[in-house]
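# Close look at the chain arrangement
Chain residues, written in single-letter form:
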Amino acid sequence: MDEAQIATLYQQARAWVLEAGALVRDNIHIPLTVDTKSDRKDLVTQVDQEVEYFFVDKIKTHFPSHFLLSEEGYGDRNLDETGVVWVVDPIDGTKNFVHQKKCFAISVGIFVGGIGEIGFIYDVMNYQLYSAKKNEGAFKNNRRLPKLSYQKSLENSLLCMNHHWLMKNRLVDEAYIEQLIRKARGTRAYGSATLAFTAVTEGSIDAYMTMSLEPWDMAAGRILINEVGGKLTNIVGNDITPFEKDSVLLCHPAIHQELLNHYLIPARQKKI
Ligand code: 2AM
Ligand code: CA
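A few points on the structure. Bear in mind that the values here come from a model prediction, so they are computed numbers and not experimental data. (Residues numbered from 1 in each chain as written. Chains lettered and ligands numbered in written order. Predicted model: local features only at pLDDT ≥ 70, side-chain atom pairs only at ≥ 80, totals over all residues. Heavy atoms only, no water.)

## Quick notes on the overall build of the chain
Looking only at helices and strands, the chain has 7 helices and 14 strands in total. Against the compact-globule benchmark of 19 Å for 272 residues, the chain has a radius of gyration of 18 Å, which places it among compact chains. Along the first, second and third principal axes, the C-alpha atoms of the chain reach 50 × 40 × 35 Å. When each of the 272 residues of the chain is scored for burial, the buried share is 51%. Considering only contacts in the chain between residues 6 or more positions apart, those separated by 24 or more positions represent 62%. (Helix = DSSP H or I, 4+ residues; strand = E, 2+ residues; numbered from the N terminus. Rg over C-alpha atoms; globule rule 2.2 N^0.38 Å. Buried < 20%, exposed > 50% of the residue type's maximum accessible area, 1.4 Å probe, protein only. Contact = heavy atoms within 4.5 Å.)

## What about the packing of helix H4 (residues 174–183) against helix H7 (residues 256–269)?
Packing of H4 against H7 brings their axes to within 8 Å, and their N-to-C directions diverge by 150°. In this view, H4 runs roughly antiparallel relative to H7, as classed from their interaxial angle. Contacts between H4 and H7 involve Tyr 176, Ile 177, Gln 179, Leu 180 and Lys 183 from the first element and Glu 258, Leu 259, His 262, Tyr 263, Leu 264, Pro 266 and Ala 267 from the second. (Axes fitted to C-alpha atoms, helices over the stretch in contact; angles between N-to-C directions. Parallel < 35°, antiparallel > 145°, perpendicular 65-115°, else oblique.)

## What to know about H7
Along its length, H7 shows its largest kink, about 30°, at Tyr 263, and proline Pro 266 lies within four residues downstream of that point. For H7, the complete set of buried residues consists of His 256, Leu 259, Leu 260, Tyr 263, Leu 264, Pro 266 and Ala 267. Where H7 is buried, its residues contact H4, strand E12 (207–213), strand E13 (231–233) and strand E14 (246–251). (Bend = angle between axes of the 7 residues up to and from the residue.)

## Digging into the packing of helix H1 (residues 3–26) against helix H2 (residues 46–62)
Running from amino to carboxyl end, H1 crosses H2 at an angle of 155°, the nearest separation of the two axes being 11 Å. Taken as axis vectors, H1 and H2 run roughly antiparallel relative to one another. In the packing of H1 onto H2, the handedness of the crossing is right-handed. Residues Gln 12, Trp 16, Val 17, Glu 19, Ala 20, Leu 23 and Val 24 of H1 form the contact with H2, whose own contacting residues are Val 47, Val 51, Phe 54, Phe 55, Lys 58, Ile 59 and His 62. Tallied by class, residues from the contact of H1 with H2 come to 10 nonpolar, 2 polar and 2 charged. (Left-handed = near helix turned anticlockwise from the far one by under 90°. Nonpolar A, V, L, I, M, F, W, Y, C, P; charged D, E, K, R; others polar.)

## Brief notes about the sheet that holds E14
One open sheet accounts for 5 strands, arranged E11-E10-E12-E14-E13; its pairing is mixed. If you trace the sheet from one side to the other, it starts and ends with strand E11 (186–188) and E13, each paired once. Between one strand axis and the next, the sheet turns by 15° as a mean value, whatever way the strands run. In this sheet, E14 lies alongside E12 in antiparallel orientation, the contact comprising 5 bridges. Of the residues in E14, the one forming a bridge with Met 209 is Leu 249. (Pairing = 2+ DSSP bridges.)

## What to know about the packing of aromatic side chains
Applying the stated rule across the entire model yields 9 aromatic pairs. A ring pair is formed by Tyr 10 and Phe 120, whose centres lie 5.0 Å apart and whose planes are at 35°; its orientation type is tilted. Note that Tyr 10 is positioned in helix H1 and Phe 120 in strand E6 (residues 115–123), a separation of 110 residues in sequence. With respect to class, Tyr 10 is no different from Phe 120; both count as buried. Between Trp 16 and Phe 63, the aromatic rings sit 6.0 Å apart at their centres with planes inclined by 70°, giving edge-to-face as the arrangement. Of the two residues, Trp 16 is situated in helix H1 and Phe 63 in the loop between H2 and strand E3 (67–70); the sequence distance between them amounts to 47 residues. (Phe/Tyr/Trp six-rings, centres within 6.5 Å; stacked < 30°, edge-to-face > 60°.)

Right, here's the structure in full:
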């Protein structure tokens, strides 16, 4: 795919993301049908399904040779990872969508031959569109986001993480996480993985860690974070494969090694 084709794809995807966001806002107060998936806390609504179907319909009509990997099951069962793959989360942060009607996002990442080329995360209720094209920078609406190249210490860092890290769990020893939280300036939890990715990209959060994300939770975000020089690995420091589930450590480059070597790797080893 050449530069002109990527540029056309970017414009088309951008228009669809904005259109899908407007549809969600128009319907934000309709009664929701809330179903559960894997367990009682894993929610899905008709809006998740309708937004996903919106993308399926658009992509299959305009780009019939492209593939789609998406959360609610309307995508392709067999992906050709060497082709063009759209990775879509129609609503990321469904619990926020249902309970709060804010702090959720539409996320679209486009990969060509396994390489992330285009990413969009749309904070729907705040009308904030984060976008990136590989090697052309990350943007928040029309403003280019600066590189994360300034000095940063863990003591001055704000971490995005949820309560699971401090509860007894199978992945890490909570005692190391307690030390980490004592060392950092503070913590936040947003309930939307994609909005945590945008927060690290724009430097309002310095590290985001989560025990498990699906490919659609991080597809667009990994393209954004690359453009500002952030670090993305799993919690033992390995690269994350684009179309697979993994744990996540996303952070400012200056604190990546310290987070891994002093806290996350020992916390993980204690459990193995
Ligand atoms: P979702 O709302 O699209 O399901 C909440 O902590 C964040 O983690 C949300 O971004 C949510 O995405 C995601 N999430 C929730 N359950 C998950 C699971 N079992 N595996 C991976 N990601 C999950
Ligand atoms: Ca979702």
